[in-house]
Every structure is written in structure tokens, then in C-alpha cells.
Amino acid sequence: MRFHSLPGSKRYPDNESEYAILLDRHYTTLSELDPGAALLVVTSEWTESPATTPQMWPRRSEVTPSAWHWQTLLEEPEEEPEYRSYTQLYAETIPWRQDAIDVLLRAVADDELANVLLAPTDLRWLYHPYDGGADVILPTREQRDALKANHQDWLSELASGL
């Protein structure tokens, strides 16, 4: 399910008032999902070789400096070697609290960071913030419908739900 982070499906915040709305919506949803004591944060970086440097998005290491390199993924194995790109996945576990990921969520909202996943350490749900909102993946239709009912005004007005 997809929630929008600003009223009227506005994609990017323009001022601190809109950042406050955006952060409140993310934290409200995450609190309802109840990550427990710790939150798993997965971020990504792109490189032109399997090596983890040089990074194309240095903002990732600024926002999540404690993250460890978890895995390297080859994007398109069929591509000629000189055109291949790699996704480097980084992970960290942080103590969950209301302001724990302000900098991360602001970077995502400003399109300075992409492909972020948040989850409890048991991975019972996934939360994917993006510039404009968040996608939530829950294990059951009932859980999805309950969360959706709590935040009808955060949903897209489009029939597709996007």
C-alpha cells in the first residue's frame, strides 16, 4: 500500500511546516507498525564495478555512516562488461525512537537518497520511503486494510493508488 507524505499528493516539501507534516506521517505509520526496540535500515549505492568505491551518491554514507556493507548486486548481467552497474547494499540496526531517522527521511524526501528499506529486525513488514511518500508491505491483507483505514486521507486519489 502507498501513502503520500504531503497533502494533495504533493511530492516535495517546500518549507519546515511541510517537513513537519512529512515526518509526522512517516513516524505515525512506523509507530503503528511497531518496529520494537530496534529498526533495520537498508540503504543502497551504485558503482560501476563490484568494488564499493567510488560512490555515485556520497550522501548515503553521510546519512548512514554506521551502516556496514551487506551485499553487492549486479544490475543487468546480460549487459556488456563496460556498461554494467552494481548496487551496493548497506545495513545497520538503530535504536527505535521518534526522531531516530529524521536526517534519513529528509534526504529521501529531497531525492538525495533512494531505495531505502526500513523494517523490524524480524522482517515482519517492510517500509519503503520515497520522495513523495512510502510503500508499506504487510504480511496479511487484514493488517494492510486496517492501516489503510487509519489513514484514508494519505492515500492517492488515483484509481491505481499510485
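Residues numbered from 1 in each chain as written. Predicted model: local features only at pLDDT ≥ 70, side-chain atom pairs only at ≥ 80, totals over all residues. Heavy atoms only, no water.

Another point: the pairing of strand β6 (residues 126-130). The pairing of β6 with strand β7 (residues 133-137) spans 5 bridges and is classified as antiparallel. Directly across from His128, in β7, lies its bridge partner Asp135. Linkage of β6 to β7, two consecutive antiparallel strands, is achieved through a turn of 2 residues, within which Gly132 is found at a positive phi near 130°. (Pairing = 2+ DSSP bridges. Helix = DSSP H or I, 4+ residues; strand = E, 2+ residues; numbered from the N terminus.)

Tallied over the entire structure, the rule returns 10 salt bridges. Asp135 is the salt-bridge partner of Arg2, the closest N and O atoms lying 2.6 Å from each other. Of this pair, Arg2 sits in strand β1 (residues 2-4) while Asp135 sits in strand β7, and the two are 133 residues apart along the sequence. We note a salt bridge from Arg59 to Glu62, for which the minimum N-O separation is 3.2 Å. A residue pair is termed a helical-turn pair when its members lie 3 or 4 positions apart in one helix, as Arg59 and Glu62 do in helix α2 (residues 59-63) at 3 residues. Overall, Arg59 belongs to the partly exposed group, its relative accessible area being 26%. A network of salt bridges, in which partner residues are shared, links Lys10, Asp14 and Glu18. (Salt bridge = Lys/Arg side-chain N within 4 Å of Asp/Glu carboxyl O. Buried < 20%, exposed > 50% of the residue type's maximum accessible area, 1.4 Å probe, protein only.)

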